[in-house]
Amino acid sequence: MPRTTSHGAKTRQAILAAAADLASIDGLDGLSIGRLAAELSMSKSGLFAHFGSKQDLQLATIEEARQRYVEEVIEPALAAGPGIRRLHALCESFLSYLERGVFPGGCFFASAMAEFDAKAAGPVRDRIAQCQAQWMDTLERATADAQAAGELHTSTDRQQFAFELEAALLSANWYYHLYHDPAYFERARRAVRDRLASQATRPGLRSLAPG
């Protein structure tokens, strides 16, 4: 990638922000230099100077989405402190990210997984899978920390637990965007609370009240 000036870096950032928003609706395969140029009122040649190929654009868009996800979901949850409260905060941050419409098409990575899950392996599919694995690892490590703190039963299967929490979150994303009914967020919140409560070691942890 050629070196960019400060203006060039800002232009590239604006392109990627628009690309991530569009991809959450139309998919990564729906991205094109022409579509983005029209969206941003840029020339195709000006936009092409930032990306050598469609694959370069797709990979850079995934990285833009990953950084936005970290800022909107991961970092706020880290402030909740360790243990079961962090697990709850990660789930709540995800649902808040959906409610606030951080991406207009819902969760970028849920959309990308649905788009690429049946496609042949390649750099774009592999990067999507890596990002999703990182998120699942975050849930699993938070589960392990809660177990180490004596807040979740040590018999809890971490991978299964993370999978079940993720299932509730993804269901909220897909059902909300299909039916435009915010009640699905509350259904997901109830599912998360119930699952956490079922594995909590003490009654005082089961309410997940702020504090």
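Residues numbered from 1 in each chain as written. Predicted model: local features only at pLDDT ≥ 70, side-chain atom pairs only at ≥ 80, totals over all residues. Heavy atoms only, no water.

Let's shift gears to the packing of helix H5 (residues 84-99) against helix H8 (residues 158-179). The interhelical angle for the contact between H5 and H8, taken along N-to-C directions, is 15°, at an axis separation of 10 Å. By the angle class used here, H5 and H8 are roughly parallel. Read as a crossing pair, H5 and H8 show a hand that is right-handed. Residue-level inspection shows Leu87, Cys91, Phe94, Leu95 and Leu98 of H5 in contact with H8, the latter providing Phe161, Leu165, Leu169, Ala172 and Asn173. Considered class by class, the residues forming the contact of H5 with H8 number 9 nonpolar, 1 polar and no charged. (Axes fitted to C-alpha atoms, helices over the stretch in contact; angles between N-to-C directions. Helix = DSSP H or I, 4+ residues; strand = E, 2+ residues; numbered from the N terminus. Parallel < 35°, antiparallel > 145°, perpendicular 65-115°, else oblique. Left-handed = near helix turned anticlockwise from the far one by under 90°. Contact = heavy atoms within 4.5 Å. Nonpolar A, V, L, I, M, F, W, Y, C, P; charged D, E, K, R; others polar.)

Further remarks concern a nonpolar patch on the surface. On the surface, a nonpolar cluster with roughly 480 Å² of combined accessible area is contributed by Trp174, Tyr175, Leu178 and Tyr179. Here Tyr175 lies in helix H8. (Patch = residues over 30% accessible without salt bridge, like charges linked within 9 Å, V, L, I, M, F, W, Y side chains within 5 Å. Areas by Shrake-Rupley, 256 points an atom, 1.4 Å probe, with all protein chains shown as cover. Salt bridge = Lys/Arg side-chain N within 4 Å of Asp/Glu carboxyl O.)

All right, on to the layout of surface pockets then. Estimates place the volume of the largest pocket at around 200 Å³. As for the largest pocket, its lining consists of 15 residues, and the residues nearest its centre are Tyr69, Ile74, Cys131, Gln134 and Trp135. Counting residues per element, the ones that place at least two in the lining of the largest pocket are helix H4 (54-78), helix H6 (108-116), helix H7 (123-148) and H8. Among the elements that line the lining of the largest pocket, the one with the most residues is H7, at 5 residues. (1 Å grid on protein atoms, 1.4 Å probe; cavity = no way out; pocket = protein on both sides within 12 Å on 5 of 7 lines; lining within 4 Å. Points joined across faces, edges and corners; volume = space filled by probe spheres on them.)

Backbone geometry places Ser41, a non-glycine residue, at a positive phi of 55°. Summarising the element assignment, Ser41 is placed in the loop between helix H2 (33-40) and helix H3 (44-48). In this structure, His180 takes a positive phi of about 55° despite not being glycine. Looking at the element boundaries, His180 is found in the loop between H8 and helix H9 (183-199). Given the relative accessible area of 59%, His180 is considered exposed. (Buried < 20%, exposed > 50% of the residue type's maximum accessible area, 1.4 Å probe, protein only.)

Here we come to the state of the cysteines. One pass over the full model with this rule turns up 0 disulfides. Its sulfur unpaired, Cys131 is 11 Å from the next cysteine sulfur, which belongs to Cys107. Taking the relative accessible area as the measure of exposure, Cys131 reaches 8% and is therefore buried. (Disulfide = S-S within 2.5 Å.)

Let's shift gears to the nonpolar core. Membership of the largest hydrophobic core comes to 60 residues, with the highest contact counts inside it found for Leu28, Tyr69, Phe94, Tyr97, Phe108 and Trp135. Counting only elements with at least two residues in this core, the list comes to helix H1 (6-26), H2, H4, H5, H6, H7, H8 and H9. Considering each element in turn, this core owes the most residues, 9 residues, to H5. Those residues within four positions of Tyr97 in sequence are excluded, and the remaining contacts are Tyr69, Glu72, Val73, Val102, Phe103, Cys107 and Phe108. (Core = buried A, V, L, I, M, F, W, Y, C linked by side-chain atoms within 4.5 Å.)

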